[in-house]
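Residues per chain are reported as follows:
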Amino acid sequence: MTSHAKLFIPGPTQVAPEVAQAQTRPMVGHRSRAFADLFYAILPRLKQVLLTDQHVYITASSGTGLQEAAIRNAVRPGRKVLNMVAGAFAQRWHHVSVSNGKDAVRLDIPWGQPIRPEDVDAALTAGGFDAVTIVHNETSTGVMSDIAALAHLVREKYPDVLILVDAVSSASGVRIAFDDWGLDMLLTSSQKAFALPPGLAFAAVSDRMLARAQEVPHRGWYFDLLNLEKYLAAGKTTPATPAISLLYALDVQLDRILAEGLENRWARHEAAMQLTHTWAREHGFELFPAPGYESRTVTCVRNTRNIDVPALIAFAREQGFVIGNGYGNLKNQTFRIAHMGELGPDDMRELFRALEPFFQS
Ligand SMILES: Cc1ncc(COP(=O)(O)O)c(C=O)c1O
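Presented here is a report on the structure given in the accompanying data block.

### Overview of the pairing of strand β9 (residues 185-189)
The side chains of a regular strand alternate, residue by residue, between the two faces of the sheet.
Right, so step 1: The element β9 is extensively covered by neighbouring structure, given that five of its five residues are classed as buried.
Right, so step 2: Of the two faces of β9, both are covered, the one formed by M185, L187 and S189 as well as the one formed by L186 and T188.
Right, so step 3: The pairing of strand β8 (residues 162-166) with β9 spans three bridges and is classified as parallel. For D166, the partnering residue across the bridge sits in β9 and is L187.

Structure follows, in structure tokens:
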């Protein structure tokens, strides 16, 4: 066994050796022709993966940076943002909204439940909203909400409300039809289903969102979408120094993702999820999410058998595998097994075989 423990946590995830290796390519200046060629060759492939013909941006930050970008660019003075909160990462987005001085209305949904269109509708009907934030895949609860249904509601009834989606732990592992569903900003991080090292964040952004940003003063500088767009459009890549080594890795990983094929990639994630559900049920556990809303990238297992979760995690670690405890208050009441990025059915079988002695002792 190598000293590297295989990661089945919901990020950072396993990175393929050739992707990790790509980071060692020689450094270039970020104002060089070589870098511009790399950057402008990455963008169309990123658009393909994010299912958009509109705008994509890459920032040297983690996903939280783009939670901040979304809020800063979408909400005008005197207008409100609706934060739908059904878990820890949605709660963070609310804190981001408040700490940026926005008038943020928080609607709490019990953890384990999805964000439902009727709840969004009930809140937006009060009026005065510029945007709604929705976490697609709440990594803390293992719940995946139905973004297509939510977007349909908002687009039909509230055409001026921008739909801001955190897909940090789902983008590229699950189909999210950005353009077809009429989303306005989708943000994600490199270290989840994209299976890259941490340090990059990606966004798909609609024309409507850029038009809105024109009406928002004090968008800041680093995460000002209009500034990012200005540099891109002028052929000048990014305003500040990009994370060049990580972009080398992204370059290789986008080719790998497109070579696998998006449909195949989504199907692989779903097959790995099915295996994980079967394993959990066969071992006497229930799943934490409301039925029908289980995440396709991370399974949150309810500790119905009241096992010693830290002991399970330690046992897994001895076998060379890392699985996750529950998040925050859900610690020991749940545990989480991720099936995203590079992982597929064979990896899940390998993990479950290795865990078997724990359940037989
Ligand atoms: C759903 C979700 N949103 C946001 C974040 C924060 O992302 P980052 O750590 O890349 O800033 C995470 C991290 O796990 C997440 O799972």
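### Concerning the site of the ligand
Right, so step 1: The full set close to the ligand counts 14 residues, and S62, T64, T139, D166 and K192 are the nearest of them.
Right, so step 2: Within the side chain of D166, one N or O atom sits 2.6 Å away from a nitrogen atom of the ligand.
Right, so step 3: Residue K192 places a side-chain N or O atom 2.5 Å away from an oxygen atom belonging to the ligand.
Right, so step 4: Starting from 390 Å² of accessible surface for the ligand in isolation, the protein chains cover 89%.
Right, so step 5: Going through the elements one at a time, α3 (63-74) and α4 (88-99) are the ones with two or more residues in the shell around the ligand.
Right, so step 6: Looking at the shell around the ligand, the element that brings in the most residues is α3, giving three residues.
Right, so step 7: The class makeup of the residues in the shell around the ligand is three nonpolar, eight polar and three charged.

### Observations regarding the sheet that holds strand β4 (residues 103-108)
Right, so step 1: Pairing within the open sheet is mixed, and its seven strands lie in the order β2-β10-β9-β8-β5-β3-β4. Edge positions in the sheet fall to β2 (55-59) and β4, since each has one partner strand and no second. Between one strand axis and the next, the sheet turns through 20 degrees on average, direction left out of account.
Right, so step 2: By the bridge criterion, five bridges tie strand β5 (residues 129-135) to β8 in an arrangement that is parallel. Directly across from A131, in β8, lies its bridge partner L162.
Right, so step 3: Sitting on the sheet, helix α2 (residues 33-50) touches β2, β9 and β10 (201-205), and the angle it makes with β2 is about 115 degrees.

### Overview of the pattern of salt bridges
Right, so step 1: One pass over the structure, following the stated rule, counts 20 salt bridges.
Right, so step 2: Among the ionic pairs, E215 bridges to R76, the shortest N-O distance being 2.5 Å. Of the two residues, E215 is situated in the loop between α8 (207-213) and α9 (225-233) and R76 in the loop between α3 and β3 (80-85); the sequence distance between them amounts to 139 residues.
Right, so step 3: K157 serves as the salt-bridge partner of D121, at 3.1 Å between the closest nitrogen and oxygen. Of this pair, D121 sits in helix α5 (residues 117-124) while K157 sits in helix α6 (residues 147-157); the two residues are 36 residues apart in sequence, bridging distant segments of the chain.
Right, so step 4: When salt bridges with common partners are traced through the structure, they connect R76, R79, D130, R212 and E215 into a single cluster.

### A few points about the pairing of β4
Right, so step 1: Across six bridges, the pairing between β3 and β4 is parallel. From the neighbouring strand, K80 faces β4, where its bridge partner is D103.
Right, so step 2: Tracing the backbone out of β3, into α4 and back to the parallel element β4 gives a crossover that is right-handed.

### Looking at unusual backbone geometry
Right, so step 1: Omega for the peptide link from G11 to P12 comes to -10 degrees, which places this bond in the cis form.
Right, so step 2: Within the chain, S172 stands out as a residue other than glycine whose phi angle is a positive 85 degrees.
Right, so step 3: Its location among the elements puts S172 in the loop between β8 and α7 (178-181).
Right, so step 4: Classification of S172 by relative accessible area gives buried; the value is 3%.
Right, so step 5: A positive phi angle, close to 55 degrees, is found at T237, a residue other than glycine.
Right, so step 6: Structurally, the position occupied by T237 is in the loop between α9 and α10 (244-260).

How each quantity is defined
- Residues numbered from 1 in each chain as written.
- Predicted model: local features only at pLDDT ≥ 70, side-chain atom pairs only at ≥ 80, totals over all residues.
- Heavy atoms only, no water.
- Buried < 20%, exposed > 50% of the residue type's maximum accessible area, 1.4 Å probe, protein only.
- Helix = DSSP H or I, 4+ residues; strand = E, 2+ residues; numbered from the N terminus.
- Pairing = 2+ DSSP bridges.
- Near = heavy atom within 4 Å.
- Polar contact = N/O pair within 3.5 Å; in protein donor to acceptor, adjacent residues only side chain to side chain.
- Areas by Shrake-Rupley, 256 points an atom, 1.4 Å probe, with all protein chains shown as cover.
- Nonpolar A, V, L, I, M, F, W, Y, C, P; charged D, E, K, R; others polar.
- Axes fitted to C-alpha atoms, helices over the stretch in contact; angles between N-to-C directions.
- Contact = heavy atoms within 4.5 Å.
- Salt bridge = Lys/Arg side-chain N within 4 Å of Asp/Glu carboxyl O.
- Right-handed = clockwise from strand over helix to strand, strands pointing away.

So yeah, pure geometry; function would need other evidence.
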